[in-house]
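# Structure assessment
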Amino acid sequence: MTHDVKEIFSGESPPAPAALAAKVRTLAPSMTRSMQLVAEAVAGDPAGCAALTVTGLAELTGTSEATVVRTARLLGYPGYRDLRLALAGLAAHQESGRAPAVTADIAVDDPIADVVAKLAYDEQQTLADTAAGLDTVQLGAAVAAASTARRIDVYGVGASSLVGQDLAQKLLRIGLIAHAHTDPHLAVTNAVQLRSGDVAIAITHSGSTGDVIEPLRVAFDRGATTIAITGRPDGPVTQYADHVLTTSTARESELRPAAMSSRTSQLLVVDCLFIGVAQRTYETAAPALAASYEALAHRHNPRTR
């Protein structure tokens, strides 16, 4: 299934003001440079941009009125007027929320207390952005597929492999057959065995990790239901995904690479997926989870053995 950015967001209601910043972060990498300038301006100063006409915003960003309108539409608004209303709402929301005056940039000489404050704020923002941008229709479809799957394969490398292992072990504990593959060769050879009724999940922040895309493509060709968890809804991985779950695209810094920020949003998405599956399979999931706790109890308290 191919996914053009416009196709992904067409037919949706305009995003709520609180979700606007999340959508800008998600879509900015796929925009033209001129559209990025407009998106960065509205996300950076919603109050100031809300006071501008379409001509004023075009002049501020050194772009054209047509670019401003195209950017508004790509973000999910019928026109610039609707975007201005959302910007005014976002400005009011930010004013009432009074977010702490810290940034995500961590300097090499920052006191550890500042590091804690900055990371905590950035993690909170990443989670909020991911929750705001997550398509619950796509999530529900992914939950439905995984709940009845004969087998679930999860693909990821690097930091995403840790998230994949976390999801697989959770699913195993509620009685589902799930495997996390980090070796790209084994991932492909296992994907060859999949068929209709199975589920394959690819986790890749960039959406372009070849070692993750290849087994997903094989699973897709074999008829398995495929799911992509990615920060790039227009990335190559979505060509082979029946369902796309989008994570927040957080800002990187020298001391905080994408591997850290992406992991936070990925863990939220896989937890949502897992809880949804556990809800749908509760009659079998609850006894399986209880049995796994009982089997491990003696390791936590040897005296009970």
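Residues numbered from 1 in each chain as written. Predicted model: local features only at pLDDT ≥ 70, side-chain atom pairs only at ≥ 80, totals over all residues. Heavy atoms only, no water.

## Some thoughts on the nonpolar core
Side chains of nonpolar character tend, in soluble globular proteins, to be buried together. Grouped together as the largest cluster of nonpolar side chains are 29 residues, with contacts concentrated most on Ile 152, Leu 167, Leu 171, Ile 174, Ile 201 and Leu 245. Top contributing element to this core by residue count: helix α13 (residues 258–280), with six residues. Contact partners of Leu 171, with chain neighbours within four places excluded, come to Ile 152, Leu 176, Ala 178, Phe 274 and Val 277. Counting 23 residues, the second-largest nonpolar core is a separate cluster that includes Met 31, Tyr 77, Ala 86 and Leu 87. (Core = buried A, V, L, I, M, F, W, Y, C linked by side-chain atoms within 4.5 Å. Buried < 20%, exposed > 50% of the residue type's maximum accessible area, 1.4 Å probe, protein only. Helix = DSSP H or I, 4+ residues; strand = E, 2+ residues; numbered from the N terminus. Contact = heavy atoms within 4.5 Å.)

## Overview of the packing of helix α3 (residues 33–44) against helix α6 (residues 65–74)
Packing of α3 against α6 leaves a shortest axis separation of 9 Å and a crossing angle of 70°. Taken together, the axes of α3 and α6 are roughly perpendicular relative to one another. Contact residues: α3 offers Ser 34, Met 35, Val 38 and Ala 39, while α6 offers Thr 67, Val 68, Arg 70, Thr 71 and Leu 74. Across the contact of α3 with α6, the residue classes tally to five nonpolar, three polar and one charged. (Axes fitted to C-alpha atoms, helices over the stretch in contact; angles between N-to-C directions. Parallel < 35°, antiparallel > 145°, perpendicular 65-115°, else oblique. Nonpolar A, V, L, I, M, F, W, Y, C, P; charged D, E, K, R; others polar.)

## Topic: the confidence of the model for the chain
For the chain, the mean per-residue pLDDT works out to 84, and 83% of the residues sit at or above 70. Across the chain, the secondary-structure element scoring lowest on mean pLDDT is helix α1 (residues 5–9), at 38, and the one scoring highest is strand β1 (residues 152–155), at 98. Under a pLDDT of 50 for its full length, residues 1–12 has, in the predicted model, 26 contacts with residues more than four places off or in other chains. Confidence drops under a pLDDT of 50 for residues 99–104, and excluding neighbours within four residues, the segment shows ten contacts in the predicted structure. (pLDDT = per-residue confidence, 0-100.)

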